[in-house]
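Observations on chain architecture
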Amino acid sequence: MGIVDEDIVRVRESTDLVAVVSQHLQLKRVGQRWVGLCPFHAEKSPSFSVNAEQGLYYCFGCQAKGDAITFVREIEHLDFPGAVEWLANKAGITVRYTDTGENEGRKRRKRLLEAMGRAVDWYHDRLLSSPDAREARGYLRSRGFDGDKVRRYRLGWAPDDWDALARHLRVPDDVLRDTGLGFVNRRGRQQDAFRGRVLFPIFDVQDEPVAFGGRILPGHDGPKYKNSSESPLYAKSKVLYGLNWMKAGIVEADEAIVCEGYTDVIGFADAGLPRAVATCGTALTEEHFRTLKRYAHRVVLAFDADAAGQAAAERFYEWEKAYEIDVAVADLPSGVDPADLSRTDPAALAAAVEGATPFLGFRVRRALAAGSVDTPEGRARTAEAALAVIAEHPGELVRDQYVMEVADRCRLDPDQLRQRLSGVVRGEAAPVAAPLRAPSSADGRDRAEVEALRLAVHDPEAIGPLLDEVLFADELHAAVFRALAPGGTMHEVLERCDPRAAELLQRLVVEEPAGDADNVASLLTAAAARRALRRLDAENRRDFDADRSRRIAWLKLAIEQVDPDDPDQEARAQLLAWLAEEATVAEEIR
Ligand code: ZN
């Protein structure tokens, strides 16, 4: 059952977020906000912040964020209506329900799961006993799958037929579609999604069947693997294959191995490492990571982490910091997958996990390998690149261990490197509220734009009239400004935002502005004017125009009058009006 919208708003408005949070952690008042140790990730210094007035929280460590309802959902493990009821109870509010909603959703899920369960059984029986599955059985035996293993992992066989499963299940079209088991074809007939494939049923952590991964037999046409598409039961970014069977082993070892294939998961278990899970045809996501964190403190990547690319690697690293999980990379021989190694040399597979390199070490070595060390300049550049990687690690002692490695490889003095490293670390740790200077760099510009948004959140009356969308060079910042401009409560503003803008806003809500509205507005106005000046100059070089030259001359003078340290408010207002006008004209021409 769903709760009436009005009542949700009423519950939200009568809830004191600080009081709710205080039942779980100690909050301390710092300026306008409240801070404490985050209940959602392990930490020693507080990065969990609450804005009492807006009723919103944000964690700078793990990016947990939301309102009282989100907080109660996460901390009490409740669903949305459950969390609203919990808060309503505290506030002495009786909520009203709509007829449809939650109950329907639960009933529907049950029906879908029931169909999935029957499909798993039917495919499994076909594999065990059907004559047309002989080739599949032979293939599986050749890959080391005996009857016990086939039964344990509920492997199945989808016959090479259009609608064999659909004819057996006899479920309505929408159930067939929403389970991903089949679809209605152009002639209006039910058709199976899988055909002529060995099937690995994918279960969620509660052991419910939610999807299938299907492997084609060698020598047959078609892609090697075909997976269920996303469905109401199945979100690829959340489900990890094998977690239902391996969670006990993961907890016991306090370690999860992440690999890429279903057979790898099973191979690890065969080799005496019953703690591997696989992503199902997708990259490892933050949600996967959040799930694993509940079971273990260490994750070993057993795939080519290098091939996942720099961006993926950096994400792992952030999650490693945010969730306090150690991430290591298994030392697998290149080109061999874990499933094969588990049969040919299980001891080598175990050793590869045992000898896994900490993720930081893996990255440092990669940075060192990527650079040249043939010339003094090359060595310096390579060392800089490696130091930048090291600087991201929060532990000073850990960082120092890798400095020696860089010194050796680049033949540089370790003390000099240490000095350089602490400079890099200090630079990175510069407080958000550092005094603002002329935003000559992109970085400075970004800081000024963010500070303007921070002021717009906390002191809209002071800075509102001084700002315009045209002042924001960064598209995300402009989007946040557009959402803020019409005003209203923070909830209304957040509802106008896309997810990235909402993310930034929720952080800004718990941060405190350090800048002065006048100063920030002047910085942004001057920066926007310089951008306009560069644009006009470029146009004039391409196609000279006397009128444009006059505008350039006026603009140069106007910029000089807008000094951030001693702003001439009238000149700035004039310049802002001119910029807004320019933007409107440019918009019209387009
Ligand atoms: Zn946190």
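The rules behind the values
Residues numbered from 1 in each chain as written. Predicted model: local features only at pLDDT ≥ 70, side-chain atom pairs only at ≥ 80, totals over all residues. Heavy atoms only, no water. Salt bridge = Lys/Arg side-chain N within 4 Å of Asp/Glu carboxyl O. Helix = DSSP H or I, 4+ residues; strand = E, 2+ residues; numbered from the N terminus. 1 Å grid on protein atoms, 1.4 Å probe; cavity = no way out; pocket = protein on both sides within 12 Å on 5 of 7 lines; lining within 4 Å. Points joined across faces, edges and corners; volume = space filled by probe spheres on them. Nonpolar A, V, L, I, M, F, W, Y, C, P; charged D, E, K, R; others polar. Domains from an automatic or database assignment. Donors = N, O, S within 2.8 Å, 3.2 Å for Na, K, Ca; no water. Tetrahedral: all angles 85-135°; square planar, octahedral: opposite > 155°, others 65-115°. Buried < 20%, exposed > 50% of the residue type's maximum accessible area, 1.4 Å probe, protein only. Patch = residues over 30% accessible without salt bridge, like charges linked within 9 Å, V, L, I, M, F, W, Y side chains within 5 Å. Areas by Shrake-Rupley, 256 points an atom, 1.4 Å probe, with all protein chains shown as cover. Lys, Arg positive; Asp, Glu negative; His and termini not counted. Charge placed at Lys NZ, Arg CZ, Asp CG, Glu CD. Expected span 1.5 Å × (residues − 1). Core = buried A, V, L, I, M, F, W, Y, C linked by side-chain atoms within 4.5 Å. Contact = heavy atoms within 4.5 Å. Arc of directions from axis to C-beta. Polar contact = N/O pair within 3.5 Å; in protein donor to acceptor, adjacent residues only side chain to side chain. Pairing = 2+ DSSP bridges.

**Considering the pattern of salt bridges**
- Considering all chains together, one arrives at 35 salt bridges under this definition.
- Arg 10 is the partner of Asp 7 in a salt bridge, and the nearest nitrogen-oxygen pair spans 3.5 Å. Of this pair, Asp 7 and Arg 10 both sit in helix H1 (residues 5–13), three residues apart, roughly one helical turn.
- Each member of the salt-bridge network shares a partner with another, and the members are Glu 6, Asp 7, Arg 10 and Arg 96.

**Side note on the layout of surface pockets**
- Roughly 1,600 Å³ of volume is contained in the second largest pocket.
- Considering the residues around the second largest pocket, the lining is formed by 37 residues, among which Glu 74, Lys 238, Arg 290, Thr 291 and Arg 294 are closest to the centre.
- Considering each element in turn, the lining of the second largest pocket owes the most residues, five residues, to helix H12 (residues 286–293).
- The class makeup of the residues in the lining of the second largest pocket is 17 nonpolar, six polar and 14 charged.

**Concerning the domain arrangement of the protein chain**
- If you check the domain split of the protein chain, you get domain 1 (5–91), domain 2 (100–227), domain 3 (240–349), domain 4 (362–424) and domain 5 (444–589).
- The centre of domain 1, based on its C-alpha atoms, is set 42 Å off from the matching centre of domain 2.

**What to know about empty space enclosed by the protein**
- Enumeration over the complete set of coordinates arrives at one cavity of 30 Å³ or more.
- Surrounding the largest cavity, Arg 143, Phe 145, Lys 149, Thr 263, Ile 266, Gly 267, Asp 270, Ala 339, Asp 340, Ser 342 and Arg 343 form its lining.
- Partitioned by chemical class, the residues of the lining of the largest cavity number three nonpolar, three polar and five charged.

**Let's talk about the coordination of the zinc ion**
- Only Cys 38 (SG), His 41 (ND1), Cys 59 (SG) and Cys 62 (SG) from the protein reach the zinc ion as donors, at distances of 2.1 to 2.4 Å.
- One can describe the donor arrangement at the zinc ion as tetrahedral, given that its four donor atoms subtend angles of 104 to 117° at the metal.
- As a motif over one chain, the donors of the zinc ion read C-x2-H-x17-C-x2-C. Across this residue pair, the class does not change: Cys 38 and His 41 are buried.

**Quick look at a negative patch on the surface**
- Together, Asp 563, Asp 566, Asp 568 and Glu 570 give the surface a local cluster of negative charge.
- Examined against the element boundaries, Glu 570 turns out to sit in helix H27 (residues 569–589).
- Given a relative accessible area of 62%, Glu 570 falls into the exposed group.

**Describing helix H17 (residues 376–391)**
- Compared with the 22 Å implied by 1.5 Å per residue over 16 residues, the 22 Å span of H17 between its first and last C-alpha is a close match.
- The set of residues buried in H17 consists of Gly 378, Arg 379, Thr 382, Ala 383, Ala 386, Leu 387, Val 389, Ile 390 and Ala 391.

**What to know about the nonpolar core**
- Phe 48, Tyr 241 and Leu 301 are the most contacted members of the largest nonpolar core, which has 135 residues in total.
- Top element by residues in this core is helix H5 (residues 102–129). It accounts for nine residues.
- Discounting chain neighbours no more than four positions away, the residues touching Tyr 241 are Tyr 153, Phe 200, Pro 201, Ile 202, Tyr 262, Val 265, Ile 266, Ala 276, Val 277, Ala 278 and Cys 280.
- In this structure, Leu 56, Leu 471, Leu 504 and Ala 521 belong to the second largest nonpolar core, which totals 51 residues.

**Section: helix H26 (residues 546–561)**
- For H26, spanning 16 residues, the distance from its first C-alpha to its last is 23 Å, which sits close to the expected 22 Å at 1.5 Å a residue.
- Here H26 has its buried residues at Arg 548, Ile 552, Leu 555, Ala 558 and Ile 559. Buried residues of H26, viewed axially, fall in a sector of 130°; they line one side. H26 presents Arg 550, Leu 557 and Glu 560 as exposed residues on the side facing more than 90 degrees away from its buried surface.
- Of the residues that open H26, the one with a side-chain oxygen 3.2 Å from the backbone nitrogen of Asp 547 is Asp 545.

**Examining the pairing of strand E11 (residues 197–203)**
- Among the seven residues of E11, seven are classified as buried, and the element is accordingly described as predominantly covered.
- Across the two faces of E11 the burial is the same, with Arg 197, Leu 199, Pro 201 and Phe 203 and Val 198, Phe 200 and Ile 202 all buried.
- Pairing geometry for strand E8 (residues 156–158) and E11, over three bridges, is antiparallel. Within E11, the residue paired with Ala 158 across the bridge is Arg 197.

**Concerning the pairing of strand E4 (residues 48–51)**
- In E4, alternate side chains face the same way, and those of Phe 48 and Val 50 on one face and Ser 49 and Asn 51 on the other are all buried.
- Across three bridges, the pairing between strand E3 (residues 33–36) and E4 is antiparallel. Residue Val 35 lies in a different strand from E4, and its bridge partner there is Ser 49.
- Where E4 meets strand E5 (residues 56–59), four bridges bridge the pair, whose relative direction is antiparallel. Each bridged residue has a counterpart across the sheet, and for Asn 51 the counterpart in E5 is Leu 56.

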